[in-house]
Amino acid sequence: MTDISQHERLLIIDFGSQVTQLIARRLRELSVYCEIHPYQNVDDAFLKAFDPKAVIFSGGPDSVTRAGSPRPPAAVFDMGVPILGICYGQQVMMQMLGGQVVSGHGTAEFGRAFVTPANGDLELLQGWFKTDKEQVWMSHGDHVSQIAPGFEVYGTSPNAPYAITADVARGFYAVQFHPEVHHTPNGAMLYENFVRMAGFTGDWTMGTYREQAIEAIREQVGDKQVICGLSGGVDSSVAAVLIHEAIGDQLTCVFVDHGLLRKGEAEEVVTMFRDNYNMRLIHADEQELFLGELDGVSDPEKKRKIIGRLFIDVFQKHADGIEGAEFLAQGTLYPDVIESVSFSGGPSVTIKSHHNVGGLPEKMGLKLVEPLRELFKDEVRALGAELGLPPSFIGRHPFPGPGLAIRCPGEITREKLDILREADAVYIDQIRKHGLYDDIWQAFVAILPVRTVGVMGDGRTYDFACALRAVTSVDGMTADYYPFTHEFLGETATRIINEVQGINRVTYDITSKPPGTIEWE
């Protein structure tokens, strides 16, 4: 972990909002280092140790009118730093500083709303109200009925008479809406104003992070050996290149080829890391092992468990041959860290299984090196660019650990995998040719467990159907299907049917998440 004491820090006290991560993302985009901590973990000692330059209170599902509802420590108001309260954060600020909050009586406001200005200018709102109202996103059942002493109202909405309030003298600001969501179009401007007023200089850059991370890796590892499970995805790739820059040949990467990769992927990964970065890399070709054990298995959970178990076995086998290995490198990201800290139960003692490969660190007795654990996905991509990874590589769409196994519903066969690889390659080629790749979060083909009748030339065919999938998303938690034109879909379907033997029908999946998932299994 890097030494964050070298950076200006903003503390986000989390009261359980579903969109707290978006606050952090907004701030990181402004080159401001911030951390999210549940209110239960923030006491006077924590505040003193963290020493924030500013504080933000998140939203939350509770009601401040309920006895025992969440509160920040009272000491936060005596630190002399700017504070911004959002939704529940506004209400708890008002309640603790002498105002009042009420429930019921038509106070609820959910979805799009419009705030109108009141009582003159406020620096927090610089750039707002270029018309007589500003669109915002509301999600509250309670509202402030009386503002605390020292506060004035600067914006109102139909069901929130104190939608924007501030005590400018003390640097306390509070809004009833959520400026972090894209449904508040000018919300980012509000955060930009807040951090500027708080005196942040924007010292959080990937250039400085790179230097500090390299120093931290060298200090943690010393002269010991590190092994890294390299999947070829963005996270593990950036982690591997960063660690290699820090310790060189003390790093050995293990790339497990389970036979479920996309067309040409194994060769691409091995060539890039072994040839371009001169890394010690073990290419574990275990296709026969994985496909043999998956033969005849159609249940998706059984597939996942088989793949996870075999991956651990193969990784263990190769890791045992690396003398002096004491550390395991992982591409853990900040959202993973946040998810491991429960809002209701405090810090979790277990890292999610898909990040430590099903309990691999505990089984192997290795210490973890996690150089990306302070970063969001977009920051990892920026760090990858800083490290010189090719843009085509760091901009790749996410690819699941089980690979094509979960894009092949039903029984997996070598025939179906070969057909799937070819169809997927055509589809991605089409997306790139039309300049759409970077507009899409994830795109792939799923081969369906059915055969359909078709006509090609004068002959009857009885081949597989496939489904195209493409979604837009911010973080993969929710997703919308990408709105291809009918011309694009028609052209792509024609290419797949003409170029891929074994497919005679192409469909497009227009299911959003929720209710569907991005992957098919």
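Look up: the structure comes first, before these words.
Notes on the structure follow. (Residues numbered from 1 in each chain as written. Predicted model: local features only at pLDDT ≥ 70, side-chain atom pairs only at ≥ 80, totals over all residues. Heavy atoms only, no water.)

**Let's talk about the overall build of the protein chain**
The condition that has to hold: A helix here means a DSSP run of H or I that spans at least four residues, while a strand means a run of E at least two residues long, and both kinds are numbered starting from the N terminus. The globule rule used here is 2.2 Å times the number of residues to the 0.38 power, and the radius of gyration it is set against is calculated over C-alpha atoms. Partly exposed describes any residue whose relative accessible area lies between the buried limit of under 20% and the exposed limit of over 50%, with all areas from a 1.4 Å probe on protein chains only and scaled to the type maximum. Note on contacts: a residue pair is in contact if any heavy atoms of the two residues lie within 4.5 Å. Note on areas: these come from Shrake-Rupley sampling with a 1.4 Å probe, and a residue is covered only by the protein chains present in the view. For the charge count, each Lys or Arg is scored as positive and each Asp or Glu as negative, with His and the chain ends excluded. Charge positions come from single atoms, namely NZ of Lys, CZ of Arg, CG of Asp or CD of Glu.
Helix and strand counts for the protein chain stand at 15 helices and 22 strands. The globule rule puts the C-alpha radius of gyration for 521 residues at 24 Å, and the 26 Å found for the protein chain is close to it. If one aligns the C-alpha atoms of the protein chain with their principal axes, the spans along those axes are about 80 × 65 × 40 Å. Within the protein chain, buried positions represent 55% of all 521 residues. Sequence separation of at least 24 residues holds for 76% of the intrachain contacts in the protein chain that already meet a minimum separation of 6. Summing over all exposed atoms, the protein chain offers an accessible surface of approximately 22,300 Å²; the carbon and sulfur share of this is 50%. For the protein chain, the distance from the average site of its 45 positive side-chain charges to the average site of its 70 negative ones is 3 Å.

**Let's talk about the pattern of salt bridges**
This is how the line gets drawn: For this document, the term salt bridge refers to a Lys or Arg side-chain nitrogen within 4 Å of an Asp or Glu carboxyl oxygen.
Scanning all chains against the criterion turns up 25 salt bridges. Arg66 is the partner of Asp62 in a salt bridge, and the nearest nitrogen-oxygen pair spans 2.7 Å. Among the salt bridges present, the one from Glu422 reaches Lys263, with a minimum N-O distance of 3.1 Å. Pair noted here: Glu422 is in helix α14 (residues 414-433) and Lys263 is in the loop between β13 (251-257) and α7 (265-276), with a separation of 159 residues, a long-range link. Accessibility expressed as a relative area gives 33% for Glu422, which makes it partly exposed. Among the ionic contacts, a cluster of salt bridges with common partners joins Arg210, Glu245 and Glu386.

**Quick notes on the pairing of strand β10 (residues 160-167)**
Cut-off, in case you're wondering: Strands are treated as partners if at least two bridges between them are detected by DSSP.
Summarising burial for β10: 6 of the 8 residues are buried, a large majority. Of the pairings in the sheet, the one linking strand β9 (residues 152-157) to β10 comprises 4 bridges and is antiparallel in character. By the bridge assignment, Val153 is partnered in β10 with Thr165. Here 4 bridges tie β10 to strand β11 (residues 172-175), and the two strands are oriented antiparallel to one another. Paired with Asp167 across the strands is Phe172, a residue of β11. The hairpin turn running from β10 into β11, its antiparallel successor, is 4 residues long, and Gly171 in that turn takes a positive phi close to 75 degrees.

**Some details on the sheet that holds strand β15 (residues 325-329)**
To keep things clear, this is the line we draw: Lines fitted to C-alpha atoms define the axes here, with helix axes fitted over just the stretch in contact, and angles between the N-to-C directions of these axes take values from 0 to 180 degrees.
With parallel pairing, the 5 strands of this open sheet are ordered in space as β14-β13-β12-β15-β18. Each edge of the open sheet is held by one strand with a lone partner, namely β14 (280-285) and β18 (367-369). Geometrically, the sheet is characterised by an average inter-axis angle of 30 degrees between neighbouring strands, direction not taken into account. In this fold helix α6 (residues 234-247) packs onto β12 (225-229), β13, β15 and β18, with an angle of close to 155 degrees to the strand it touches most, β13.

**Section: helix α12 (residues 377-386)**
Spelled out, the test is: Arc definition: directions from the helix axis to the C-beta atoms.
All of the buried residues along α12 are Glu379, Val380, Leu383 and Gly384. Projection of α12 onto a plane perpendicular to its axis shows the buried side chains occupying an angular sector of 145 degrees, all on one side. Elements that come into contact with the buried residues of α12 comprise α1 (20-29), α5 (206-221), α6 and α13 (391-394). Where α12 ends, the next residue or the one after it, Gly388, has phi of about 90 degrees, a positive value.

**Notes on the nonpolar core**
Filter applied, for reference: Nonpolar cores were defined as sets of buried Ala, Val, Leu, Ile, Met, Phe, Trp, Tyr and Cys residues, with membership established by side-chain atoms within 4.5 Å.
Tyr427, Ile431 and Phe484 are the most contacted members of the largest nonpolar core, which totals 50 residues. With 8 residues, the single largest contributor to this core is α14. If we ignore the near neighbours within four places in the chain, the residues touching Ile431 are Leu436, Tyr437, Ile440, Ala443, Phe484 and Phe488. Of all hydrophobic cores here, the second largest spans 44 residues; its members include Tyr33, Val226, Val269 and Tyr277.

**With respect to the packing of α6 against α12**
Quick reminder of the rule: Oblique is the label for every angle not falling under 35 degrees (roughly parallel), over 145 degrees (roughly antiparallel), or within 65 to 115 degrees (roughly perpendicular). Helix crossings fall into two classes, left-handed where the near helix is turned counterclockwise from the far one by less than a right angle and right-handed where it is turned clockwise.
Packing of α6 against α12 brings their axes to within 10 Å, and their N-to-C directions diverge by 45 degrees. Taken together, α6 and α12 sit at an angle that is classed as oblique. In this structure, the crossing between α6 and α12 has a hand that is left-handed. Where α6 abuts α12, its residues Val234, Asp235, Val238 and Leu242 lie against Lys377, Val380, Arg381, Leu383 and Gly384.

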